Amino acid sequence: MLTERHLQIFVALAEEQHFGDAARIVGITQPPLSQGLRRLEALVGAKLFERGAGGVELTPAGVALLPYARRALTSIEELHQAAVERDPEGPEIRIGLAPEVPPSAGAAVAAASGEVLAGSRVSVVTAPTSSLVNQVSTGRLTLAVVAHPTVLDGLEAGPVALLPTWVLLPAGVADADVVRLRQLGGLPIAVRPRTEAPAARDLFLDTLALHRPTGGTVVVTDERAGLAMAAAGQAAMVTADPLLAAPGVTRHRLADDPLPLRLRLVWSRTRTPFLRPNDVMAQLTEALAS
């Protein structure tokens with residue numbers, strides 16, 4: 001079956017004439033882009049590109065089909081726009097938040113969404129970054145705040161917002177307001193499962209290892225579990241939530257802020273045409289960063 005993604009791959013490759021550049025435009029890696037192209041060529045029964053020294057060029061069949069592909073993508077966007085405009089209750093903004101997003105930041109994005117799109121209905125769900133990206137791609141969510149970096153798979157994205165973090169320690173481990181990772185002794189750092197946001201977790205762990213070669217990590221299901229382990233004297237936890245606290249746990253800044261929380265807004269240009277990066281998304285990004 002011919003899909004919207006097939007058309008996006010075809011048009012991006014025709015315009016960029018390079019597999020790597022087209023993959024970045026679509027938001028996927030080269031292997032799935034190549035697979036998508038092969039499926040499209042099988043569906044239309046013609047070879048669409050020829051490889052050259054500097055990249056790829058359209059075949060005569062590709063040249064003939066390109067205008068139709070562009071018109072089809074335009075029609076899909078117009079269809080989404082018409083559906084939004086004819087909704088008697090106004091556009092519904094379904095927002096996804098990664099578990100790492102502090103409650104205040106998530107609330108700011110939700111509030112800003114209601115303000116910049118008058119008459120809209122706002123709903124919010126929480127899910128791991130890997131799930132949120134998929135839900136935005138398939139249209140189940142309008143936009144999401146996800147951990148960065150992550151593979152966006154064809155989605156649009158706003159700038160990365162860096163949120164400062166604190167380290168929560170069992171009482172008595174440190175007295176200073178500002179500590180360094182090397183000063184945490186042998187306490188493991190509580191981290192969420194890698195499968196929730198593989199690229200973001202890898203960056204966190206690589207940075208942690210650079211600043212603290214020993215001590216290790218322990219996997220927890222969520223920040224409440226990490227806080228409980230800190231209260232029990234079993235782990236330290238890095239958090240961007242300024243209000244997360246418990247008896248027996250002290251809060252400290254990390255010197256030079258080596259582990260900021262990296263977040264960004266993601267959305268689908270074709271599935272949510274009423275969201276435009278130059279107006280709505282700029283205001284939502286500002287709300288996230290503030």
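First, a word on scope: everything that follows refers to the structure included in this document.

Parameters and conventions
Residues numbered from 1 in each chain as written. Predicted model: local features only at pLDDT ≥ 70, side-chain atom pairs only at ≥ 80, totals over all residues. Heavy atoms only, no water. Helix = DSSP H or I, 4+ residues; strand = E, 2+ residues; numbered from the N terminus. Pairing = 2+ DSSP bridges. Contact = heavy atoms within 4.5 Å. Axes fitted to C-alpha atoms, helices over the stretch in contact; angles between N-to-C directions. Buried < 20%, exposed > 50% of the residue type's maximum accessible area, 1.4 Å probe, protein only. Salt bridge = Lys/Arg side-chain N within 4 Å of Asp/Glu carboxyl O. Core = buried A, V, L, I, M, F, W, Y, C linked by side-chain atoms within 4.5 Å.

Across residues other than glycine, the phi torsion is negative in most instances, and most of the peptide bonds are trans. Each neighbour pair has its own omega, and for His 148 with Pro 149 the value is 5°, a cis peptide bond. By the secondary structure assignment, Pro 149 is in the loop between strand 5 (143-147) and strand 6 (156-157). Positive phi is not limited to glycine here, since Asp 256 has a value of about 65°. If you trace the backbone, Asp 256 turns up in the loop between strand 13 (249-254) and strand 14 (261-267).

Okay, the sheet that holds strand 12 (residues 236-239) next. Hydrogen bonds between backbone groups are what pair the strands of a sheet, and the pairing can be parallel or antiparallel. The strand order across the open sheet built from six strands is 9-13-8-12-10-11, with neighbouring strands paired in mixed fashion. Here the strands that pair on one side only, and so sit at the sheet edges, are strand 9 (178-179) and strand 11 (217-219). Bridging between strand 10 (residues 189-191) and strand 12 involves two bridges; their strand directions are parallel. When the bridges of strand 12 are listed, Ala 190 appears paired with Met 237. Relative to the sheet, helix 8 (residues 223-231) contacts strand 8 (166-170), strand 10, strand 11, strand 12 and strand 13, its axis offset from that of strand 12 by approximately 140°.

Inspection of the secondary structure puts Ala 22 in helix 2 (residues 19-26). Here Ala 22 falls in the buried class, since its relative accessible area comes to 0%. Sequence separation between Ala 22 and Ile 9 is 13 residues, and the spatial gap between their C-alpha atoms is 7.2 Å.

This brings us to the pattern of salt bridges. Enumeration according to the criterion identifies eight salt bridges in this entry. With a shortest N-O distance of 3.3 Å, Arg 180 and Asp 256 are connected by a salt bridge. One end of the pair, Arg 180, is in the loop between strand 9 and strand 10; the other, Asp 256, is in the loop between strand 13 and strand 14, and 76 residues separate them in sequence. Residue class for Arg 180 comes out partly exposed when judged on its relative accessible area of 47%. Residue classification places Asp 256 among the exposed residues on the basis of a relative accessible area of 67%. Close ionic contact of Glu 196 with Arg 201 constitutes a salt bridge, the shortest N to O distance being 3.3 Å. Grouping residues by exposure puts Glu 196 and Arg 201 together as buried.

The next thing to look at is the pairing of strand 12. Along strand 12, one buried face is formed by Ala 236 and Val 238 and the opposite face, lined by Met 237 and Thr 239, is buried too. As defined by bridge partners, strand 8 adjoins strand 12 across three bridges and the pair is classed as antiparallel. Each residue of the ladder has a partner; that of Trp 166, found in strand 12, is Thr 239.

Below, the discussion takes up the nonpolar core. Among the nonpolar cores identified, the biggest contains 31 residues, and Leu 143, Val 145, Leu 265 and Leu 288 are the most heavily contacted of them. With five residues, the single largest contributor to this core is strand 14. Grouped together as the second largest cluster of nonpolar side chains are 21 residues, Phe 10, Val 11, Leu 40 and Phe 49 included.

Treat this as a map of the structure, not an account of what it does.
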